[in-house]
Amino acid sequence: MLKSSDRRKKKLGQQVLADPVSNRLRLHTIIRLRWIAVLGQFAAISFVSFGLGFYVPIGACLTVIALSAWMNVFLAVWYPSRHRLTVPYATGLLGYDILQLATLLFLTGGMDNPFAMLMVAPVTVSAATLPLRNTIALGLLTLMSAAVLVVAHEPLPWYPGVELELPVIYKVGAFAALCVSTTFIGLYAWRLTKEGRQMSAALTATDVVLAREQKLHALDGLAAAAAHELGTPLSTIVLVTKELEHTIKPDDSIREDIVLLKAQALRCREILQKLTRHPGEEDPMHARVSVRAMLEEAAAPYFSDKVAINITAAPTAEMASAGRRQAELERRPGVIYGLGNIIENATEFAKSRVDVGAEWGPSGLVVTIADDGPGFPAEIMDNIGEPYVTTRPVERVDGVLEEDSAGLGLGFFIAKTLLERSGATVSLANRMRGGMGAVVTVSWPRAFILTS
């Protein structure tokens, strides 16, 4: 039942998502992380060699560490600090970090070295900044390097004259732990980053919609200001035309033109008086609206011969018995837009009928929108209302994918956000009786109703 309301909304969502993954990782970030790794590696090698007195192939280890340091210097000099890496370049640098660490581990005990778990770090950085396929490739590189280190490595630095040989089962366990950690942490970081980007994009799209509504209100203010400024010259025109009308003889050829000019000026002044209506003068059509009128306004753009939209609005039995059969609300564009979007979605998935009902009472106002379509799929019921969750299928025409046939799921997210900002609670369900169909219930507290 969920879809993007139109092509423009889908295009907006795609533009918001135009944050290319190739530009999310700055070179400055990866250089700083590598400097931390270089200092840490140098400190660890120095402590083991000079502090504990263990034998370490310090020349080879320092050569490997110095290579990373010189690479950092070269990158910092060659590129500006704010340079953003392309996907292949970033993948290559992270792949180098994996191999550099694997080389150090080879020289210092392989998987027997407790620092072997640090091989997860480059994969985690990739999961947060690069596409999933690149992260998978780096993860496989990490696991292959670890597999080699299980069977091929130099002895772990230990006390002189004491040979340390850990059991094979321990090495296999360490390798298994690295595999699980790499997979879990990588997927977890990738998923969190993806959801964060989607939420940010969806909120940006919502802000764009609200900004457009704000611009409409700004235009109303400009129209009022223009009407105020035009009032004086129009009054002058009316005054001059009146004087000319009395001065010119009745049989003069231009008398009819002057009379017409006066009439049109008076008409313009009446229009301007409507635009400059005092804020304290409430316009029932725009300031307050009945519950039924609100539903009719929300559903008006979606009436068609294909799907019948039936609107009902009535008080509860308790309110009716008390003689309170009418209810008025403050007219809010956001609420009307939100309800209209849900009604539009219902008409898209309904077979022949959409029922829009409203009931108000002492506890508040409840609006129910139900269709006779297939209903909400059970597998995504818990995620409906999140950005980029849609049930609209992708259609193919002559084997060609129709891009506009699949919604981005932003429409319902924006509608739900606008309704909840007004104090409403939105709930979703499938019909339990009377056939299939989806049901969306929007509930407001009693304070939402102005009079009843």
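Everything below is about the structure shown above.
Residues numbered from 1 in each chain as written. Predicted model: local features only at pLDDT ≥ 70, side-chain atom pairs only at ≥ 80, totals over all residues. Heavy atoms only, no water.

Trainee: Requested: an account of the overall build of the chain, with residues and values cited.
Mentor: Along the chain, the regular secondary structure elements total 12 helices and 10 strands. Looking at the chain as a whole, 39% of its 452 residues are labelled buried. Counting only contacts in the chain whose residues sit at least 6 apart along the sequence, the fraction spanning at least 24 positions is 74%. Total accessible area computed for the chain in this model is approximately 25500 Å², and 62% of it derives from carbon and sulfur atoms. (Helix = DSSP H or I, 4+ residues; strand = E, 2+ residues; numbered from the N terminus. Buried < 20%, exposed > 50% of the residue type's maximum accessible area, 1.4 Å probe, protein only. Contact = heavy atoms within 4.5 Å. Areas by Shrake-Rupley, 256 points an atom, 1.4 Å probe, with all protein chains shown as cover.)

Trainee: Lay out the side chain of S68 in plain terms, naming residues and giving numbers.
Mentor: Inspection of the secondary structure puts S68 in helix α3 (residues 58–78). The residues touching S68, leaving out its near neighbours within four places in the chain, are R34, V38, Y96 and Q100.

Trainee: I'd love a proper account of the pattern of salt bridges, names of residues and values included.
Mentor: Counted under the stated rule, the structure contains 10 salt bridges. A salt bridge links E328 to R288; the shortest N-O distance between them is 3.1 Å. Residue E328 is located in strand β3 (residues 328–330), and its partner R288 is located in strand β1 (residues 288–290); the two are separated by 40 residues in the primary sequence. One salt bridge in this structure joins E296 and R292, with 3.1 Å as the shortest N-O distance. A residue pair is termed a helical-turn pair when its members lie 3 or 4 positions apart in one helix, as E296 and R292 do in helix α9 (residues 291–299) at 4 residues. By relative accessible area, E296 is classed as partly exposed at 36%. (Salt bridge = Lys/Arg side-chain N within 4 Å of Asp/Glu carboxyl O.)

Trainee: Describe the packing of aromatic side chains, and please don't skip the residues or the numbers.
Mentor: Think of a pair of aromatic rings as described by two things: how far the centres are apart, and how the planes are tilted against each other in angle. Counting across every chain of the model gives 7 aromatic pairs. With a centroid separation of 5.4 Å and 75 degrees between ring planes, the pair formed by W158 and Y159 is classed as edge-to-face. A residue is classified by how much of its surface remains accessible, and W158, at 33% relative accessible area, is partly exposed. Every member of this aromatic cluster is reached through a ring pair, and the members are F54, W158 and Y159. (Phe/Tyr/Trp six-rings, centres within 6.5 Å; stacked < 30°, edge-to-face > 60°.)

Trainee: Explain the packing of helix α5 (residues 120–129) against helix α6 (residues 132–151) residue by residue, including any values.
Mentor: Where α5 meets α6, the axes come as close as 9 Å, and the angle between the chain directions of the two elements is 175 degrees. Taken together, the axes of α5 and α6 lie roughly antiparallel to each other. Taking contact as the criterion, the partners of V123, S126 and A127 in α5 are, on α6, N134, T135, L138, G139 and T142. A per-class count over the contact of α5 with α6 returns 3 nonpolar, 5 polar and no charged. (Axes fitted to C-alpha atoms, helices over the stretch in contact; angles between N-to-C directions. Parallel < 35°, antiparallel > 145°, perpendicular 65-115°, else oblique. Nonpolar A, V, L, I, M, F, W, Y, C, P; charged D, E, K, R; others polar.)

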